[in-house]
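# Structural characterization, general
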Amino acid sequence: MSGAMDEPLPERGKRPAQGRSKTLRTALGGLFAFRGRSSPTVEVGVSVLAAAIVLGLWEAASRAGWIAPQFLPSPSAVLGALWTMTTEQSLGYHIAVSTGRVWAAFLLAAAMAIPIGILMSSYRIVGAALEPMIDFIRYLPVPALVPLSIIWFGVGETTKIFLLWLGTFFQLVLLVADDMRRVPHEYVEVARTVGANSRQLMWDVALRSMGPTLLDNLRITLGWCWTYLIIAEIVAASSGIGYVIWQARRFVKTPEVMAGVVVIGLIGLVTDQLLRLLHRRFFRYL
Amino acid sequence: MTADYLRFYGVAKTFGTVPVVRRTDLSIARDALVVFLGPSGCGKTTLMRMVGGLDSPTEGWIELDGGRVDRPDRRRGMVFQSYSSFPWLTVAQNIAFGMRYRDDLTAAEKQERVRHYLDLVGLTDFADSYPSRISGGMRQRVAIARTLAAGSEVLLMDEPFGALDALTRERLQVQLRSIQKREAKTVVFVTHDVEEAVFLADRIILFSARPATIVADIDVTAELGAERPLDIRETRPFFDLRNHVLHLIRHETSEAA
């Protein structure tokens, strides 16, 4: 039954055999074309090169004395501080504590936001009851709620996890509701005509359909969770990267402050790449 | 053919205060390929969705083989223009999805049916491909196979070839007629393309602009016969019938304007 006009699409990533230099030229050309396509290797190369240029300029500016080191220490000074903090100040322990807090709050937020967001989109009564409240709380600045959270939960771990949860849950729940809303009704109707009940519609169709965007949104909100870490860890904390940064700030140890910030950035980068890998593995069909 | 297989009894539909389908009485024979033709937005899709049990009539009711239609079930399968197959399932899994909730078939029987319908729609070589890797025409064939595998007696097709290029569309029309006759299924096909309607239909029900009202009931088989080779489009009877239907639909559209 197949014919010339009704052929499968060419497989992505498969290109006709061609010379190595021509492939490289095409990949480089793709970098400069509007919405052009390049190879992943070339793109990684560009990313590393761009980072090296920025670091090089920064190092040169610091060494030339254009910027006072207490405001912006050189990359080599930050690297030195990072080494000292790791070998002498238990930075690994603080990283582990912060990571634990962030993941505890994030998993709690996800475990609550996914079912609530799905229910908000699926049943109007839940949406109508919760959406205005969530919208209201979503706009409250997390730092403004620090005193309240101390009154409610004291100065222990609960407060820190609560503040991180607060910054994540209310955003995530609306994103999940939106993901659910975007499940094409055709999928739902096809499943209904082949006999799916409500539970089967949810598991076999809705969750499968929203899977890729849901994982993307989890990835984005996990990033937000890290951005609230400093706020959570300046509240009577004695551990965590936020605490380390805050302590360093008190004694104007700018290289250590920068090192703490860099650590958060690196953790974010690695986590993001791992979640992207997960996305590619789970959703090969995209 | 059973003349009164699918029957509409005074079916009307109103959305809020807007009438979409005016009181409709209609009878469709078993194993017929009936095309609902009308201007865009006239309400023909709404009428078809009511056959699927996806919408309820505001007035009247629909019966399939003597039983009242009040909810979706696998006896009436839908094929849509877009999102017709599940992207996370392979071609074979999409076809098997039609039988996913059937307890009356063993796993081996389900597998056998998947093989049969893969072969019927010519997609055996693409059984393990995902929909994103096959063409739009193939995706529509997957949807047809899934509906057949589900055991649907009536195929409800909402402009399924609307997004395809002209040649693929033509080929799928030929394939649909051949499958429909071979599998002895009743098909209700919604389109606003006159040539597609004349080529495909045993019978055309022509609707007015909204609210949908039947303005003509054309027995295409009586005019063109049951056999529809591709080159029938170049024959005088086809040409005349197409012009006649076009004239009716133009008249209808200008009346509404």
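Looking up chain B in an unreviewed UniProt entry gives the name ABC transporter ATP-binding protein, with the organism given as Rubellimicrobium roseum. Among the UniProt annotations of chain B, the heading Sequence similarities (unreviewed entry) holds the following wording: "Belongs to the ABC transporter superfamily."

### A word on the overall build of chain B
For chain B, the count of helices and strands is 8 helices and 10 strands. On C-alpha atoms alone, chain B measures out to a radius of gyration of 18 Å, which is about the 18 Å that the 2.2 N^0.38 rule sets for 257 residues. For chain B, the spread of C-alpha atoms along the principal axes amounts to about 55 × 40 × 35 Å. Across the 257 residues that make up chain B, the buried fraction comes to 56%. Taking as baseline every contact in chain B between residues at least 6 positions apart, the subset at least 24 positions apart corresponds to 70%. Total accessible area computed for chain B in this model is approximately 10700 Å², and 47% of it derives from carbon and sulfur atoms. For chain B, the distance from the average site of its 34 positive side-chain charges to the average site of its 35 negative ones is 4 Å.

### Some words on the interface of chain A and chain B
Contacts between the two partners involve 28 residues from chain A, matched on the other side by 38 residues from chain B. Roughly 3200 Å² of surface becomes buried between chain A and chain B when both sides are summed, with 62% attributable to carbon and sulfur atoms. Applying the counting criterion to the chain A and chain B interface returns 2 salt bridges. A salt bridge links E189 of chain A to R49 of chain B, with the shortest nitrogen-to-oxygen separation between them at 2.6 Å. Counting the contacts that link chain A with chain B gives 5 residue pairs in polar contact (both at pLDDT 80 or more). Mapped onto the side of chain A that touches chain B, the elements with two or more residues apiece are α8 (185–193) and α9 (198–227) of chain A. Per element, the largest residue contribution to the side of chain A that touches chain B is 7 residues, and it comes from α8 of chain A.

### Points about the UniProt feature "domain: ABC transporter" (unreviewed entry) in chain B
In the numbering used here, UniProt assigns the "domain: ABC transporter" (unreviewed entry) feature to residues 6–234 of chain B. The annotated region residues 6–234 of chain B carries 32% helix and 26% strand content, and the separation between its end C-alpha atoms amounts to 33 Å.

### As for the confidence of the model for chain A
Of all residues in chain A, 93% have pLDDT values of 70 or greater, and the mean over the chain is 88. Of all helices and strands in chain A, the one with the weakest mean pLDDT is helix α1 (residues 20–32) of chain A (77), whereas helix α4 (residues 91–122) of chain A scores best (95).

### Structural notes on helix α5 (residues 124–138) of chain A
Its 15 residues place the ends of α5 of chain A 20 Å apart at the C-alpha level, agreeing with the 21 Å of an ideal helix rising 1.5 Å per residue. Where α5 of chain A bends most, the angle comes to about 35 degrees, and this point is L130 of chain A, followed within four residues by the proline P132 of chain A.

### Focus on the sheet that holds strand β8 (residues 186–191) of chain B
All names here are of chain B. On the basis of which strands lie adjacent, the open sheet formed by 6 strands has the order β6-β7-β8-β3-β9-β10 and mixed pairing. In this open sheet, the two strands that pair with only one neighbour each are β6 (76–79) and β10 (214–219). Taking each pair of neighbouring strands and ignoring which way they run, the sheet shows an average axis angle of 15 degrees. In this sheet, β10 lies alongside strand β9 (residues 203–207) in antiparallel orientation, the contact comprising 5 bridges. Across the sheet, the residue bridging to R203 is D219, located in β10. Contacts from helix α5 (residues 166–183) reach β3 (33–37), β7 (154–158) and β8 within the one sheet, and its direction differs from that of β8 by about 155 degrees.

### Concerning the side chain of S209 of chain A
Looking at the secondary structure, you find S209 of chain A in helix α9. Aside from chain neighbours lying at most four places away, what touches S209 of chain A is V183, P184 and Y187 of chain A together with W88 of chain B.

### Things to note about α8 of chain A
The complete set of buried residues in α8 of chain A reads E186, Y187, E189, V190, A191 and T193 of chain A. If you follow the buried residues of α8 of chain A, they end up packed against α9 of chain A together with α1 (44–52), β6, α2 (91–97) and α4 (136–149) of chain B. Immediately beyond the C-terminal end of α8 of chain A, within one or two residues, lies G195 of chain A, with a positive phi of roughly 100 degrees.

### Details of the sheet that holds strand β4 (residues 59–64) of chain B
Residues and elements named next belong to chain B. What the 4 strands build is an open sheet, ordered β2-β1-β4-β5; its pairing is antiparallel. A single partner strand is all that each edge strand has here, and the edge strands are β2 (18–28) and β5 (67–68). For strand β1 (residues 6–15) and β4, the ladder comprises 5 bridges, and the chain directions are antiparallel. What sits directly across from Y9, in β4, is W61. Lying over the sheet, α1 contacts β1, β2 and β4, oriented at roughly 120 degrees with respect to β1.

### Considering the side chain of E183 of chain B
Residue and element names in this part refer to chain B. Structurally, E183 is set in helix α5. For the buried E183, no salt bridge exists, and the shortest N-O distance to an oppositely charged side chain is 5.3 Å, to K185. Leave out the neighbours within four places in its chain, and E183 touches H116, Y117, L120 and L148.

So, how was this worked out
- Residues numbered from 1 in each chain as written.
- Chains lettered and ligands numbered in written order.
- Predicted model: local features only at pLDDT ≥ 70, side-chain atom pairs only at ≥ 80, totals over all residues.
- Heavy atoms only, no water.
- UniProt positions renumbered as here; feature names shortened; annotations may be inferred.
- Helix = DSSP H or I, 4+ residues; strand = E, 2+ residues; numbered from the N terminus.
- Rg over C-alpha atoms; globule rule 2.2 N^0.38 Å.
- Buried < 20%, exposed > 50% of the residue type's maximum accessible area, 1.4 Å probe, protein only.
- Contact = heavy atoms within 4.5 Å.
- Areas by Shrake-Rupley, 256 points an atom, 1.4 Å probe, with all protein chains shown as cover.
- Lys, Arg positive; Asp, Glu negative; His and termini not counted.
- Charge placed at Lys NZ, Arg CZ, Asp CG, Glu CD.
- Buried area = accessible area lost by both parts, 1.4 Å probe.
- Salt bridge = Lys/Arg side-chain N within 4 Å of Asp/Glu carboxyl O.
- Polar contact = N/O pair within 3.5 Å; in protein donor to acceptor, adjacent residues only side chain to side chain.
- pLDDT = per-residue confidence, 0-100.
- Expected span 1.5 Å × (residues − 1).
- Bend = angle between axes of the 7 residues up to and from the residue.
- Pairing = 2+ DSSP bridges.
- Axes fitted to C-alpha atoms, helices over the stretch in contact; angles between N-to-C directions.

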